[in-house]
Amino acid sequence: MTKIPTVLFVCVHNAGRSQMAAGYLAALAGDRIHVRSAGSEPGDMVNPVAIAAMAEDGIDIIANTPRLLDVDDVRAADVVITMGCGDACPVFPGKRYEDWELTDPAGLPLEKVRPIRDEIRQRVEALVAELYAG
């Protein structure tokens, strides 16, 4: 049996970018990939504009809550994707790390969050294709 890869998305507040990325990955990959997200300084709730932007694309992230990044999250992941958390993410040998430079949607109106959402979707689609290329 092939091991199911685990992908961890990390941003500072775990309220926007990482939640959108996790929502897309869960929707696109289903049970073929384990999806986690966390933040180095998690917010109180997911950004309502991020929730609205994802809902427009048929992805429901309203029940998600920001989580504090834990060393065990990173240890369990095969792929760690950071989105502006800097050095807050611990590094372990043998893990694949990527840093996605994306605008933080915090405080932005929906029309400014849509292009961020669309870029996240494109990157997640490419990630799924890479993970299943072999």
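Look up: the structure comes first, before these words.
Owing to the predicted nature of the structure, the values given are computational and were not obtained by experimental measurement.

Conventions we followed
- Residues numbered from 1 in each chain as written.
- Predicted model: local features only at pLDDT ≥ 70, side-chain atom pairs only at ≥ 80, totals over all residues.
- Heavy atoms only, no water.
- Helix = DSSP H or I, 4+ residues; strand = E, 2+ residues; numbered from the N terminus.
- Rg over C-alpha atoms; globule rule 2.2 N^0.38 Å.
- Buried < 20%, exposed > 50% of the residue type's maximum accessible area, 1.4 Å probe, protein only.
- Contact = heavy atoms within 4.5 Å.
- Areas by Shrake-Rupley, 256 points an atom, 1.4 Å probe, with all protein chains shown as cover.
- Lys, Arg positive; Asp, Glu negative; His and termini not counted.
- Charge placed at Lys NZ, Arg CZ, Asp CG, Glu CD.
- Core = buried A, V, L, I, M, F, W, Y, C linked by side-chain atoms within 4.5 Å.

J.: Would you take a moment to explain the overall build of the protein for this structure?
T.: Counting its secondary structure elements, the protein contains four helices and four strands. Counted from the first residue to the last, the protein has its helices and strands arranged as β-α-β-α-α-β-β-α. Here the C-alpha atoms of the protein give a radius of gyration of 14 Å, agreeing with the 14 Å that 2.2 N^0.38 yields for 134 residues. By principal-axis analysis of the C-alpha atoms, the protein measures approximately 40 × 30 × 25 Å. Of all 134 residues assigned to the protein, the portion counted as buried reaches 41%. Within the protein, contacts between residues separated by at least 24 positions form 70% of all contacts whose residues are at least 6 apart in sequence. Of the roughly 6900 Å² of accessible surface on the protein, 53% is carried by carbon and sulfur atoms. Treating the 13 positive side-chain charges of the protein as one cloud and the 20 negative ones as another, the clouds have centres 4 Å apart.

J.: Before we go on, may I ask you to explain the nonpolar core in this structure?
T.: Grouped burial of nonpolar side chains is what soluble globular proteins tend to show. Core analysis: the largest hydrophobic core is formed by 28 residues, its most contacted members being F9 and V124. Not counting the four nearest positions on each side in its chain, V124 is found in contact with F9, A21, Y24, L25, L28 and W100. Ranked by size, the runner-up nonpolar core spans eight residues in total, among them A38, L69, A77 and F92.

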